[in-house]
Amino acid sequence: MRLFDFSHNIEVGNTGKYSSCNPGCRIAKASQTEIQDFHGKDGNDQSCKKLRYAAHHRKKFDIPVIGITGSNGKTIVKEFLYQLLHTEFNIVRSPRSFNSQLGVPLSVWQINPKHTLGIFEAGISQPDEMERLQPIIAPTIGIITNIGEAHQENFISTTQKCLEKLTLFNEC
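When its secondary structure is counted, the protein shows six helices and seven strands. Secondary structure of the protein in N-to-C order comes out as β-β-β-α-α-β-α-β-α-β-α-β-α. The buried share of the protein, reckoned over its 172 residues, is 43%. Sequence-distant contacts in the protein: of pairs separated by 6 or more residues, those separated by 24 or more amount to 67%. A total accessible area of about 9000 Å² is found for the protein, and carbon and sulfur atoms account for 52% of it.

Shown next, in the form of structure tokens:
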């Protein structure tokens with residue numbers, strides 16, 4: 001095991017072992033494989049590295065995951081499902097509206113061995129974003145709230161945006 005520094009103040013890995021070193025920083029134990037997966041082959045794009053590490057973390061847990069996307073209504077549906085299911089499952093879910101390229105990895109890094117169900121939101125504002133979020137959430141159940149006008153300016157058509165959102169469910 002080697003120590004691995006993260007600046008997002010969240011637990012990483014499924015051991016639950018970390019220690020605070022200063023505000024906004026945690027040290028987590030990570031295996032050599034996890035470190036290599038995080039750094040990737042080219043070793044230069046920090047954003048992509050964090051996305052890959054979050055996807056690697058998600059793969060460690062074989063639990064059902066509900067992925068929610070749509071132009072609006074994602075958070076209310078997530079919270080509604082939580083209220084319906086929290087007595088039967090130990091649920092990990094996106095905090096607030098953490099559904100972006102940064103929010104999704106932060107949400108998924110919360111998964112630990114005690115969880116029996118995940119509920120995560122995925123939001124996009126331009127083409128090809130869902131392709132990066134899909135392996136991180138890796139939903140087993142999918143929900144689309146609706147396809148509306150939000151972020152339409154970055155898509156050629158509503159059909160293109162709908163197809164992009166459906167990418168989340170490629171492996172369901």
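Considered for burial, the residues of helix H5 (residues 129–137) that qualify are Glu129, Met130, Leu133, Gln134, Ile136 and Ile137. Downstream of H5 by one or two residues, alanine 138 has phi in the positive range, about 45°.

Together, Ile144, Leu163 and Leu166 make up a nonpolar patch on the protein surface, roughly 240 Å² of accessible area in all. The residue leucine 163 is located in helix H6 (residues 158–166) in this model.

This part takes up the nonpolar core. The biggest cluster of nonpolar side chains holds 23 residues, and the ones touching the most others in it are Ile111, Phe120, Ile136 and Ile137. Listing elements by their share of this core, those giving two or more residues are helix H2 (46–59), helix H4 (103–108) and H5. With eight residues, the next largest nonpolar core counts Ile66, Leu81, Tyr82 and Leu85 among its residues.

As for its placement among the helices and strands, arginine 58 is situated in helix H2. Although arginine 58 is buried, it makes no salt bridge; aspartate 62 carries the closest opposite charge, 6.3 Å away. Looking at arginine 58, its side chain comes within polar contact range of the main-chain oxygen of phenylalanine 61, at 2.6 Å.

What follows concerns the pairing of strand E4 (residues 65–69). E4 sits mainly inside the fold: five of its five residues count as buried. Side chains Val65, Gly67 and Thr69 project from E4 onto one buried face, and the interleaved Ile66 and Ile68 project onto a second face that is buried too. In this sheet, strand E6 (residues 117–121) lies alongside E4 in parallel orientation, the contact comprising four bridges. Paired with glycine 67 across the strands is phenylalanine 120, a residue of E6.

This part covers helix H3 (residues 74–85). For H3, which comprises twelve residues, the first-to-last C-alpha distance of 16 Å matches the rise-based estimate of 16 Å (1.5 Å per residue) to within 8%. Every buried residue of H3 is listed here: Lys74, Lys78, Leu81, Tyr82 and Leu85. Angular distribution of buried residues about the axis of H3 spans 105°; they occupy a single face of the element. The outward face of H3, more than 90 degrees from its buried face, is lined by the exposed residues Ile76, Phe80 and Gln83.

Within the secondary structure, isoleucine 119 is located in strand E6. Taking C-alpha positions, isoleucine 119 is 4.6 Å from arginine 93, a pair spaced 26 residues apart along the chain. Apart from residues no more than four positions distant in its own chain, isoleucine 119 is found in contact with Ile66, Ile68, Lys78, Leu81, Tyr82, Ile91, Val92, Arg93 and Ser94.

What counts, and where the lines are drawn
Residues numbered from 1 in each chain as written. Predicted model: local features only at pLDDT ≥ 70, side-chain atom pairs only at ≥ 80, totals over all residues. Heavy atoms only, no water. Helix = DSSP H or I, 4+ residues; strand = E, 2+ residues; numbered from the N terminus. Buried < 20%, exposed > 50% of the residue type's maximum accessible area, 1.4 Å probe, protein only. Contact = heavy atoms within 4.5 Å. Areas by Shrake-Rupley, 256 points an atom, 1.4 Å probe, with all protein chains shown as cover. Patch = residues over 30% accessible without salt bridge, like charges linked within 9 Å, V, L, I, M, F, W, Y side chains within 5 Å. Salt bridge = Lys/Arg side-chain N within 4 Å of Asp/Glu carboxyl O. Core = buried A, V, L, I, M, F, W, Y, C linked by side-chain atoms within 4.5 Å. Lys, Arg positive; Asp, Glu negative; His and termini not counted. Polar contact = N/O pair within 3.5 Å; in protein donor to acceptor, adjacent residues only side chain to side chain. Pairing = 2+ DSSP bridges. Expected span 1.5 Å × (residues − 1). Arc of directions from axis to C-beta.

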